[in-house]
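# Secondary and tertiary structure notes
Take a look at the letters that make up each chain.
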There are 4 protein chains.
Amino acid sequence: MIVTMQPAATLKEITGVIRVLESFGASPSISRDCGCTLITAATSKVPIDAQQVRSAGGVRDVHEDAHPFKRVSRDYHPEDSVIDARAARFGGGGFTVIAGPCAVENEEQIHTIAAHVAAHGAKGLRGGAFKPRTSPYAFQGMGVPGLRLLRDAARANKLAAVSEVMSIDQVADCVEHLDVLQVGARNMQNFDLLKEVGKTDKPVLLKRGPSSKIEELLLAAEYIVDAGNPRVVLCERGIRTYETATRNTLDITAVPVVKQLSHLPIIIDPSHAAGKREYVYALTLAALAVGADGVMVEVHPTPAKALSDGRQSLHFEEFERLMEDVRRQSEFRASVSV
Amino acid sequence: MIVTMQPAATLKEITGVIRVLESFGASPSISRDCGCTLITAATSKVPIDAQQVRSAGGVRDVHEDAHPFKRVSRDYHPEDSVIDARAARFGGGGFTVIAGPCAVENEEQIHTIAAHVAAHGAKGLRGGAFKPRTSPYAFQGMGVPGLRLLRDAARANKLAAVSEVMSIDQVADCVEHLDVLQVGARNMQNFDLLKEVGKTDKPVLLKRGPSSKIEELLLAAEYIVDAGNPRVVLCERGIRTYETATRNTLDITAVPVVKQLSHLPIIIDPSHAAGKREYVYALTLAALAVGADGVMVEVHPTPAKALSDGRQSLHFEEFERLMEDVRRQSEFRASVSV
Amino acid sequence: MIVTMQPAATLKEITGVIRVLESFGASPSISRDCGCTLITAATSKVPIDAQQVRSAGGVRDVHEDAHPFKRVSRDYHPEDSVIDARAARFGGGGFTVIAGPCAVENEEQIHTIAAHVAAHGAKGLRGGAFKPRTSPYAFQGMGVPGLRLLRDAARANKLAAVSEVMSIDQVADCVEHLDVLQVGARNMQNFDLLKEVGKTDKPVLLKRGPSSKIEELLLAAEYIVDAGNPRVVLCERGIRTYETATRNTLDITAVPVVKQLSHLPIIIDPSHAAGKREYVYALTLAALAVGADGVMVEVHPTPAKALSDGRQSLHFEEFERLMEDVRRQSEFRASVSV
Amino acid sequence: MIVTMQPAATLKEITGVIRVLESFGASPSISRDCGCTLITAATSKVPIDAQQVRSAGGVRDVHEDAHPFKRVSRDYHPEDSVIDARAARFGGGGFTVIAGPCAVENEEQIHTIAAHVAAHGAKGLRGGAFKPRTSPYAFQGMGVPGLRLLRDAARANKLAAVSEVMSIDQVADCVEHLDVLQVGARNMQNFDLLKEVGKTDKPVLLKRGPSSKIEELLLAAEYIVDAGNPRVVLCERGIRTYETATRNTLDITAVPVVKQLSHLPIIIDPSHAAGKREYVYALTLAALAVGADGVMVEVHPTPAKALSDGRQSLHFEEFERLMEDVRRQSEFRASVSV
């Protein structure tokens, strides 16, 4: 961090800034070169809160040259993290597919889907039991019984069970039944929830908020890791923009950006990003090509009858074709990357 | 709602759509005029989930002509709601100012500020005890002891105590100590929290999420009202855009839009919107002019030493000048609106 | 500007950066304090192109501490600019209203409107003759005959004639007939057009592009001023965001931001920002309160029959009421600011 | 289009709406089913201007069910358009690479680059001669001499010469020297320029504006096609969002969306989207995977010395590696799609 003091900054103000920097464990040094005093702090024990420095007296400008996260940073952990959840592996060069319905609706539905997606190569089974819905009048999910149905269907087909935990009081049930705890986009900055899942030993699938910067996604992951749980898988699922042709705008560049900044794996959710099933095929192949560690897609035997998000769910035969092409493409990539 | 079926829609598909509409309590009717079948549902008991209709077989297009909220809608409650929290009144034509520090830091700080803002006309005292912070390494607030300090300072100066509740397990403490429960922008779609504060009898100050549509803000309020608590005050605090000159982009038009759609009061938070204290004066006068029911502003005796958000906090003398001009302007408005 | 070199930067690379900075007329100096070489350039003859510096070998980071514009900056011209166009004055503390239809449609229409808006206090008459339309099939404007009708109606009512110039080949006709040349939002970065209106001696009303930063608006103004024409009036007309309740999102904070950074006057266009006439009244009063130098509003005798943008045009009686309240409010402000 | 009249709409108002619809060549019909009159217009010769209908008296709501463009729509031209410009072919299943520097700087530079990119499989040579720059103090390009250098370098290497035309007065020179006329993002809605390039017989590369919807991009293309030139290639180059990790946010989903709506080819510009060379490789492979018809990438022998945009230009060896992998991937795709 480089702090430029105002030309008229007093010695007391300069000392004040140094104190602030030292409170973060930094050893600042001073130079005078452009008519102002510059205070530089090259390293610190914990990330320096730029806003606090900016608020100090006599400060003209603050220039951050380091990212504000630490444990999720590639600087502190150069190798890719590899995170296993039963059959599903995230990171390490593979391309892992999580598939399933938006919501668990009943036993037959989830078992039928689980069998189908497992047969075609998926390694994780998704299905919402607690559903965050914009309207209080929309279907809110089956709750704990839904978690049980999901778990049984996953176990029967050797899949990792993946579902969203929406609040702290659901964490215990989710830990009991699930293999991966999903934190939804709307909860990406629900910091108490982040700390709570950070105390568990389950892999966490952390979805990017629809208006969150990549840096904020990594800081949210830092909350989980800092609380003791290093097994975080990130998920890009589209950000909110003015474009209305799609439900969200998939920020596919987030994949190489995250790969550069962090050691954590990152997957893509093309279903929520696009909001229309006809774009899911193309976006999944793009996710593979751009270097993502996997995708999470919605599949339903009869999307027209789905209780939520049917518009973006793949039919069984569409999923089958998608997985076939993902497999061929993955094999080709493996063959040439020797 | 008007559903346009595809030209080739079968009778079974048409019947399917009618069933879906009936499941929301609507009595649909059919017409054939543009080569396609149109199914119209003019009224329904609960708002119709357009996404579910859109997913039904044979549907070409769905046109929603009603807003998806109900209890917060001006259609169902034409008069303005007026919400009282001790000395603070929201709605009914006044302009109520809530002021205070970003965070409660210690007893002397909060008492000094409370005395100052009360002396100059504020009716509410804000001050964070639980602080949602993007980084896990930033100051996280004093917790329950901070709530107590805030309450005592508010009581001593006849102000309503306003502070943020971040999670369900904090609700009981907040209800005990506070006069207004604030739901922060990052939690606007934390639906379990909305339901929980909806079970209390305290006024709720609901801040708009930084990437939420006005309609979504009203749906979040609907969650609270639907859970039993009609005393919701909305707060526009800036949305996230590409502009970097300010912390957020204040969407001032949200005020007349909300006034048209809903009976709930709405205030503005110019401090978080702008992120810089020098714009707070102009934005507060604009809030008054545009018809807002009040503002919430940050004030600190020594912003340079504030533990958070000092950059956007007013100095005491700035707050004094602001309140003087708000008072004069309010009196003038009252005098001409006879 | 402060350039941080990489720890391993060679002497040749350091010299290379110094050369680049010198090419902008800067006299850089060097320091070594945080394990890296810092190169600082406090002043320069022309703004330094940060991107070019960033591309130089061995550079780790570039920190700009000055704004990239110069002639429009308040640093170089501390007093407010006051720009006169016949009866209309922009800057200097007044609040000037430009009113008129979206498009000039015929002689009777424009004369009727001109007489009405002049009678109620407008100082400028707007009306499009060349219309930029998103669709090639929408009404494209009357062209030069429309300019003549506008001019005659303006002259007859002592109003400044304001209309948009869309391309270089229209500049001569516009200079002949108009008092203010408007550069539309879609052309804000049509740099050849900016240079061309910069060669005229007519005031230019420069509208902010729907996705332009305030800094880019000021840089666009810099093009005009740098070409020789210092008489630029800025116009905030809403930016594009994800919010759909309004046509655009009015960035009202742009007014105090521009006032801080630049000496140029700035007005607001509430009609295009909101896209709905019912919000124009509230936004105009907010514009006055926030310190804008005026507004440009759309007025039409029969909005329902307007050839374009009727949805956002005020009826005559609405305009009359608005102007009455603007007048009273302006008088009150003048009375208290002594 | 379905127009819902207000319950109290008069016969005169209903007739008025019908007249408006008929003025677009539609044959409207009437129904009464939800307590209101519905007026439906299934087809029309030219797209109906919804805004004009919405402004008519007595209208409650307007529902557009058709896209407002026509000649560029896949409905009117189901097969993919294939557009040839010398060696470069856009559409028809291939993946065409245009490469070159941001700006033509001198003869040696452009010849060196042309030879390199041709040797590794590029079919088009890009290079700006007229440069739109945000700041008037940045390098503005070589002008017509730059066009000549570009043409000669392209001819010598059997490449199509591609460069931006910024204004109408440059069109003649550009037609003389270039094989593809590029319309830049900032000019996407410079309608006079669109009409002018629409009168030429050169392929036009139309870049999406940084805040334009896909529908607006297609309408801009409609201007060109409607003026007589059907040879339009679209280019997605990133849109402006709040994310700051990249220069723009590449909207990769625009590719399948455009493919669904239109018969025109679409390529991607990963260099401008990302703004950093290290992401160009991944984004190019994603473009290929998602079904784009090609890419346009920036290449420079010594990016650190480039007069503009060096930060996003590939080094020669990076381009070579990229083309090698594009070739292998394309061959694999061709082999499996039989």
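Our structure is the block above this text.
Residues numbered from 1 in each chain as written. Chains lettered and ligands numbered in written order. Predicted model: local features only at pLDDT ≥ 70, side-chain atom pairs only at ≥ 80, totals over all residues. Heavy atoms only, no water.

With that settled, the discussion passes to the environment of Leu285(A). Within the secondary structure, Leu285(A) is located in helix α10 (residues 280-290). Take Leu285(A): its relative accessible area is 10%, and that puts it in the buried class. Taking C-alpha positions, Leu285(A) is 12 Å from Ile267(A), a pair spaced 18 residues apart along the chain. Contacts of Leu285(A), omitting those with residues within four sequence positions, involve Asp325(A), Val326(A) and Ala289(D). (Helix = DSSP H or I, 4+ residues; strand = E, 2+ residues; numbered from the N terminus. Buried < 20%, exposed > 50% of the residue type's maximum accessible area, 1.4 Å probe, protein only. Contact = heavy atoms within 4.5 Å.)

Before going further, it helps to examine helix α7 (residues 214-226) of chain C. Residues and elements named next belong to chain C. The end-to-end C-alpha separation of α7 is 18 Å, in line with the 18 Å expected for 13 residues at 1.5 Å each. Burial analysis of α7 places eleven of its 13 residues in the buried class, which makes it a mostly covered element. The complete set of buried residues in α7 reads Ile 214, Glu 216, Leu 217, Leu 218, Leu 219, Ala 220, Ala 221, Glu 222, Tyr 223, Ile 224 and Val 225. The elements touched by buried residues of α7 are α6 (191-197), β11 (204-207), β12 (232-236) and α8 (254-261). Among the residues trailing α7, Gly 228 stands out with phi positive, at a value near 120 degrees. (Expected span 1.5 Å × (residues − 1).)

As a further point, take the environment of Pro28(D). Residues and elements named next belong to chain D. Tracing the backbone through its elements, the reader meets Pro 28 in the loop between α1 (11-22) and β2 (29-32). Sequence separation of Pro 28 and Pro 210 is 182 residues, and the distance between their C-alpha atoms is 37 Å. Excluding residues within four positions of it along the chain, Pro 28 makes contact with Ile 18, Leu 21, Glu 22, Ile 39, Thr 40 and Ala 41.

This part is about the pattern of salt bridges. Throughout the structure, instances matching the rule amount to 72 salt bridges over all chains. A salt bridge links Asp179(D) to Arg155(D); the shortest N-O distance between them is 3.3 Å. With Asp179(D) in the loop between α5 (171-177) and β10 (180-183) and Arg155(D) in helix α4 (residues 144-156), the pair connects residues that are 24 residues apart, well separated along the chain. The exposure class assigned to Arg155(D) is partly exposed, which follows from its relative accessible area of 33%. Shared partners join several salt bridges into a network, and the residues in it are Arg208(A), Glu236(A), Asp251(A) and Glu243(D). (Salt bridge = Lys/Arg side-chain N within 4 Å of Asp/Glu carboxyl O.)

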